[in-house]
Amino acid sequence: MAFKPANSIQDLQYFGEFGGVNPSISDSSTYTFLSAKTMFDTFEGNADGCYLYSRHSSPSNLYLGEALAAMEGTETANVSASGMGAITPVLLQLCGAGDHIVSSRTIYGGTYAFLKNFTPRFNIETSFVDITKLDVVEAAITKNTKVLYCESVSNPLLEVADIKGLAALVQKHDLKLVVDNTFSPLSISPAILGADVVIHSLTKFINGSSDTVGGVVCGTQDFINDLRNVNNGASMLLGSTMDSLRAASILKNLRTLHIRMQQHSLNATFLAEKFEADGLKTVYPGLKSHPSHRLFKSMMNEKYGFGGMLTIDVGSLEKANELMELMQNRNLGYLAVSLGFYKTLFSAPGSSTSSEIPEYEQKDMGLSDGLIRFSIGLDADIERTYKMMRECMKELNIL
Ligand code: PLP
């Protein structure tokens, strides 16, 4: 039977302390013990169901982690204060001095900056490759390589990773495949396809209300235990812990993710088809013209569509800026970074979210000045939105 990620979330059942339909929020940083021995055992990790200190874990964080693990089909998960607070400890847990990472060259700018500028301080080197070419990926693997890193659908170019193909490479060379699934929650289930670790920035579609940052690492119980280890766990020691109140609010938003993703995908498909038919250079994995359309189709949980992200190229940064300002003036969306909001968000990644990537490398990977990244919102009448966007483009001689 095909994996049904939304069912897995729905099948969980939590009650609050007084029979509430939502679990109680654990509003404490520390926990009392009836006996000193139990405190010692808990510290040693031997007292199941006991809590010691909330940087390690808290009931609210565990509820959210359990729901996200169910969504991704992993044994368990660990939530964190941001997406970067999930990515950085994973890489530092898996790699030490002398180790090597092979990473997709089109990834979120912050992750790129971490691998390019920060981890070399610890003598961890990264080769950035075209992730869509498995032979190129394999050729970059050295005897020191520990991790293959990619995004299922990349930020901002929307390249699609062949997760099964990469998982086979990882098996062959005894590496770990770490996949950031932020752009395609529910649509793609990387762990089911062979990824060892799945990461999300919860800031985006999963929380969906642009009111917080958050992150999660989904993986095996052993790996999550390693991350939380009080002596040498990167999540525990780097301290990027989510607050319980926030975990409770993200869990409530997660329950509508399946409905939101369907609407994001529906709206994005509508606009992508229209933009392309109008002659705009449009990239969307749901378009037949996308080089990895068939690959995405072969991996996807069909019901949730091809996601809410699309890009168009309007030729120059100047035109891109004019268009974004005009669309914002007409209330068609907001000129803002980030994604996954009810309202459409747009930005020019070359000068914002991917500005950490040097200009010559942006050119090399096909990130052009006139590229606008759209996170398509939940608009009830997408036809009206399209007509209004088209008006803006006509006024600026883009169409
Ligand atoms: N991964 C992807 C694909 C992203 O787009 C982002 C942020 O834009 C992150 C990770 C980082 O997440 P956060 O901002 O929650 O730290």
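Since this is a predicted model, take the numbers as computed values, not measurements. (Residues numbered from 1 in each chain as written. Predicted model: local features only at pLDDT ≥ 70, side-chain atom pairs only at ≥ 80, totals over all residues. Heavy atoms only, no water.)

Colleague: For the overall build of the chain, give the residues involved together with the corresponding values.
Modeller: The helix and strand inventory of the chain stands at 15 helices and 12 strands. Projected onto the principal axes, the alpha-carbon positions of the chain cover approximately 75 × 55 × 40 Å. Here the chain holds 399 residues, and 55% of them are scored as buried. Considering only contacts within the chain whose residues lie at least 6 apart along the sequence, 71% involve residues at least 24 apart. By element, 50% of the accessible surface of the chain is carried by carbon and sulfur atoms, the whole surface being about 17500 Å². In the chain, the 33 positive side-chain charges and the 42 negative ones have mean positions that sit 4 Å from each other. (Helix = DSSP H or I, 4+ residues; strand = E, 2+ residues; numbered from the N terminus. Buried < 20%, exposed > 50% of the residue type's maximum accessible area, 1.4 Å probe, protein only. Contact = heavy atoms within 4.5 Å. Areas by Shrake-Rupley, 256 points an atom, 1.4 Å probe, with all protein chains shown as cover. Lys, Arg positive; Asp, Glu negative; His and termini not counted. Charge placed at Lys NZ, Arg CZ, Asp CG, Glu CD.)

Colleague: I'd like a rundown of unusual backbone geometry, residues and numbers included.
Modeller: In this chain, N155 is followed by P156 through a cis amide linkage whose omega measures 5 degrees. Residue placement: P156 occurs in the loop between β4 (145–151) and α7 (163–173). The backbone phi angle of N123 is positive, close to 60 degrees, even though this residue is not glycine. Judged by relative accessible area, which is 42%, N123 ranks as partly exposed. Although it is not a glycine, L186 adopts a positive phi angle of roughly 70 degrees. Inspection of the secondary structure assignment puts L186 in the loop between β5 (176–180) and β6 (197–201). Its relative accessible area of 2% is what places L186 among the buried residues.

Colleague: If you had to explain the pattern of salt bridges to someone new, which residues and values would you point to?
Modeller: If you walk through the whole model with that rule in mind, you get 10 salt bridges. Across the pair K116 and E361 runs a salt bridge, and its minimum N-O distance is 2.9 Å. Taken as a pair, K116 in helix α5 (residues 109–118) and E361 in helix α14 (residues 359–365) lie far apart in primary sequence, 245 residues in all. Residue K116 is classed as partly exposed on the basis of its relative accessible area of 33%. Residue E361 is classed as buried on the basis of its relative accessible area of 14%. Put simply, E138 and K172 hold a salt bridge, and the shortest N to O gap is 2.7 Å. With E138 in helix α6 (residues 134–140) and K172 in helix α7, this residue pair connects regions lying 34 residues apart in the sequence. According to the relative accessible area criterion, E138 is partly exposed, its value standing at 24%. In this structure K172 comes out as exposed when scored by relative accessible area, which is 59%. (Salt bridge = Lys/Arg side-chain N within 4 Å of Asp/Glu carboxyl O.)

Colleague: If you had to explain the site of the ligand to someone new, which residues and values would you point to?
Modeller: Near the ligand lie 14 residues; those nearest to it are M84, D180, S201, T203 and K204. Here G83 contributes a backbone N or O atom positioned 2.8 Å from an oxygen atom of the ligand. Separating an oxygen atom of the ligand from a side-chain N or O atom of S201 is a distance of 2.8 Å. Considering the ligand on its own, with 390 Å² of exposed area, one finds that the protein chains cover 91% of that surface. Residue composition of the shell around the ligand, by class: four nonpolar, seven polar and three charged. (Near = heavy atom within 4 Å. Polar contact = N/O pair within 3.5 Å; in protein donor to acceptor, adjacent residues only side chain to side chain. Nonpolar A, V, L, I, M, F, W, Y, C, P; charged D, E, K, R; others polar.)

Colleague: Provide a residue-level description of the packing of helix α11 (residues 257–277) against helix α15 (residues 382–395), including the pertinent values.
Modeller: Between α11 and α15, the shortest axis-to-axis distance is 10 Å and the interhelical angle comes to 40 degrees. Both α11 and α15 take part in a crossing whose hand is right-handed. Of the residues in α15, those touching α11 at N267, F270, L271, K274 and F275 are I382, E383, Y386, M389 and M393. (Axes fitted to C-alpha atoms, helices over the stretch in contact; angles between N-to-C directions. Left-handed = near helix turned anticlockwise from the far one by under 90°.)

Colleague: Provide a residue-level description of the environment of S154, including the pertinent values.
Modeller: Its place among the elements puts S154 in the loop between β4 and α7. When the C-alpha positions of S154 and I131 are compared, they lie 9.7 Å apart, and in sequence the two are 23 residues distant. Here T106 takes part through its side chain, which lies 2.7 Å from a polar atom of the side chain of S154.

Colleague: Outline the sheet that holds strand β8 (residues 281–283), listing residues and values.
Modeller: With mixed pairing, five strands are arranged side by side in an open sheet as β8-β9-β12-β11-β10. Only two strands of the sheet have a single neighbouring strand rather than two, namely β8 and β10 (334–335). Relative to strand β12 (residues 371–375), strand β9 (residues 309–313) runs antiparallel, the two sharing five bridges. Looking at β12, one finds that D313 is bridged to L371. Relative to β9, α11 is tilted by about 20 degrees, and along the sheet it contacts β8 and β9. (Pairing = 2+ DSSP bridges.)

Colleague: So what's going on with the packing of aromatic side chains? Which residues, and what values?
Modeller: Tallied over the full model, the rule gives 12 aromatic pairs. Arranged with centres 5.8 Å apart and planes meeting at 55 degrees, the rings of F118 and F122 form a pair that is tilted. Taking the relative accessible area as the measure of exposure, F118 reaches 33% and is therefore partly exposed. The class of F122 is partly exposed, set by a relative accessible area of 38%. With a centroid separation of 6.5 Å and 65 degrees between ring planes, the pair formed by Y284 and F306 is classed as edge-to-face. Here F306 lies in the loop between α12 (293–299) and β9 and Y284 lies in the loop between β8 and α12, a separation of 22 residues in the sequence. You'll find Y284 and F306 in the same group, each marked buried. Of the aromatic side chains, those joined through ring pairs into one cluster are F270, F275, F346, F374 and Y386. (Phe/Tyr/Trp six-rings, centres within 6.5 Å; stacked < 30°, edge-to-face > 60°.)

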